Amino acid sequence: MRQLAVFMVLAACAALGVVWWTEHELGIMPCELCLWERWPWRGVLAVGAAAALMPVRWGRRVLWLCAPLLVAGIGLSICHGGVEWGWWPSPLPACHAPHISGHTLAERLASMPLLPSKPCDAPTYLLPGLPVSMTVMGGAYALFVLVVLVLSLLRQQKEKRRIFH
C-alpha cells in the first residue's frame with residue numbers, strides 16, 4: 001500500500017513538474033483552464049502523502065479518494081480539449097477576450113488586465129511533429145494513473161480477502 005501511495009505522490013509531482021517546467025523554463029503561459037487542471041493533481045499529491053503516513057488499513061481506504069480526483073482531472077481535460085478543438089466554448093469567462101470598459105482612454109487602459117492571458121482554445125504542443133496538446137496528454141496521463149490506482153487497490157483487496165478466508 002505504501003508503494004502505491006508513493007506512486008501517487010510521484011505521479012502528481014511529475015504532472016505538476018511538467019507544467020511548472022513548461023511555464024517557467026519554456027515561458028509558455030497557461031490559460032485559465034490549464035490552471036484549473038492542476039488542482040486535481042494537488043489533491044492527489046496531498047492524499048497520496050497522507051496515505052503514505054497512515055497505517056496500512058486506513059491508508060488503503062484513503063487512497064480511494066485519489067480516484068474521484070483523477071476522474072475530475074480527466075473531465076477537465078475533456079472539457080479543455082473540446083474548447084481547443086472548437087466543439088464548445090470555454091465555461092470560464094477568463095478564457096475569452098478581456099472585457100475592457102470605460103468612457104475615456106485612461107479608464108479603458110486601467111480596466112485592461114496586467115498580464116495578457118492565453119486563450120483556452122489555443123493548444124500548447126510540447127512534442128514537435130506530434131499534434132497532441134498538453135491538455136490531451138494530461139488527460140491520457142490521468143487516465144493511466146487512474147487505471148494503475150484502481151487495479152492496484154482491487155488487487156490488494158482481493159489478496160486481503162484471500163488471506164483472511
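Residues numbered from 1 in each chain as written. Predicted model: local features only at pLDDT ≥ 70, side-chain atom pairs only at ≥ 80, totals over all residues. Heavy atoms only, no water.

Student: Got a minute to help me understand the overall build of the protein in this structure?
Tutor: Within the protein one finds seven helices and zero strands. Its helices and strands in sequence order give the protein the pattern α-α-α-α-α-α-α, from N to C terminus. For the protein, the accessible area works out to roughly 10,400 Å², and carbon and sulfur atoms hold 71% of it. (Helix = DSSP H or I, 4+ residues; strand = E, 2+ residues; numbered from the N terminus. Areas by Shrake-Rupley, 256 points an atom, 1.4 Å probe, with all protein chains shown as cover.)

Student: Can you help me understand the nonpolar core in this one?
Tutor: Buried together is how nonpolar side chains tend to be arranged in soluble globular proteins. Within the largest apolar cluster, 23 residues are counted, with the highest numbers of intra-cluster contacts made by Met8, Trp41, Val44, Leu63, Cys66, Leu70 and Leu149. Looking at this core element by element, the count peaks at seven residues for helix H1 (residues 2-25). Of all hydrophobic cores here, the second largest spans seven residues; its members include Cys34, Val83, Leu92 and Cys95. (Core = buried A, V, L, I, M, F, W, Y, C linked by side-chain atoms within 4.5 Å. Buried < 20%, exposed > 50% of the residue type's maximum accessible area, 1.4 Å probe, protein only.)

Student: What exactly am I supposed to notice about the layout of surface pockets here?
Tutor: Taking a probe equal in size to a water molecule and rolling it over the atoms shows the remaining empty space. By volume, the largest pocket is sized at about 480 Å³. Taken together, the elements giving at least two residues each to the lining of the largest pocket come down to H1, helix H2 (32-37), helix H5 (66-84) and helix H7 (134-164). (1 Å grid on protein atoms, 1.4 Å probe; cavity = no way out; pocket = protein on both sides within 12 Å on 5 of 7 lines; lining within 4 Å. Points joined across faces, edges and corners; volume = space filled by probe spheres on them.)

Student: Would you mind going over the pattern of salt bridges with me for this structure?
Tutor: Side chains that carry opposite charge are capable of pairing whenever their charged atoms lie near each other. Applying the stated criterion across every chain yields a total of one salt bridge. Residue Arg38 pairs with Glu23 through a salt bridge whose shortest N-O separation is 3.1 Å. Of this pair, Arg38 sits in the loop between H2 and helix H3 (39-53) while Glu23 sits in helix H1, and the two are 15 residues apart along the sequence. (Salt bridge = Lys/Arg side-chain N within 4 Å of Asp/Glu carboxyl O.)

Student: In this structure, what is going on with H5? I would like to understand it.
Tutor: Residues three or four positions apart in an α-helix share a direction because the helix packs 3.6 residues into each turn. Given a rise of 1.5 Å per residue, 19 residues ought to cover 27 Å, and the 27 Å separating the end C-alpha atoms of H5 matches this to within 8%. When H5 is considered as a whole, its buried residues turn out to be Cys66, Ala67, Leu70, Gly73, Ile74, Ser77, His80, Gly81, Gly82, Val83 and Glu84. Gly86 sits one or two positions beyond H5 and adopts a positive phi of about 80 degrees. (Expected span 1.5 Å × (residues − 1).)

Student: How should I be thinking about the packing of H1 against H3 in this particular structure?
Tutor: Axes are the key here: two packed helices are described by the angle between their axes and the distance separating the axes. Contact geometry of H1 with H3 gives a least axis separation of 8 Å together with a crossing angle of 155 degrees. Considering their axes alone, H1 and H3 lie roughly antiparallel with respect to each other. Here H1 runs over H3; the crossing is left-handed. Counting all contacts with H1, which are made through Arg2, Ala5, Met8, Val9, Ala11, Ala12, Cys13, Ala15 and Leu16, the residues of H3 involved are Trp41, Arg42, Val44, Leu45, Gly48, Ala49, Ala51, Ala52 and Leu53. Partitioned by chemical class, the residues of the contact of H1 with H3 number 15 nonpolar, one polar and two charged. (Axes fitted to C-alpha atoms, helices over the stretch in contact; angles between N-to-C directions. Parallel < 35°, antiparallel > 145°, perpendicular 65-115°, else oblique. Left-handed = near helix turned anticlockwise from the far one by under 90°. Contact = heavy atoms within 4.5 Å. Nonpolar A, V, L, I, M, F, W, Y, C, P; charged D, E, K, R; others polar.)

Student: Looking at this structure, I do not really get a nonpolar patch on the surface. What am I missing?
Tutor: A surface patch of nonpolar side chains, amounting to about 510 Å² of accessible area, comprises Ile78, Trp85, Trp87 and Trp88. Structurally, the position occupied by Trp87 is in the loop between H5 and helix H6 (105-111). We classify Trp87 as exposed; its relative accessible area is 58%. (Patch = residues over 30% accessible without salt bridge, like charges linked within 9 Å, V, L, I, M, F, W, Y side chains within 5 Å.)

Student: Sorry, what's going on with the side chain of Ser77 here?
Tutor: Secondary-structure assignment places Ser77 in helix H5. For Ser77, a relative accessible area of 7% puts it in the buried group. Not counting residues within four places of it along the chain, the set of residues in contact with Ser77 comprises Glu37, Thr135, Gly138 and Gly139.

Student: I keep staring at H3 and nothing clicks. Help me out?
Tutor: Here H3 is 15 residues long and its end C-alpha atoms lie 22 Å apart, about the 21 Å a rise of 1.5 Å per residue gives. By the burial criterion, the buried members of H3 are Pro40, Trp41, Gly43, Val44, Val47, Gly48 and Ala51. All buried residues of H3 project into a common sector of 155 degrees when viewed along the axis, lining one side. Of the exposed residues in H3, those oriented more than 90 degrees away from the buried face are Trp39 and Leu53. (Arc of directions from axis to C-beta.)

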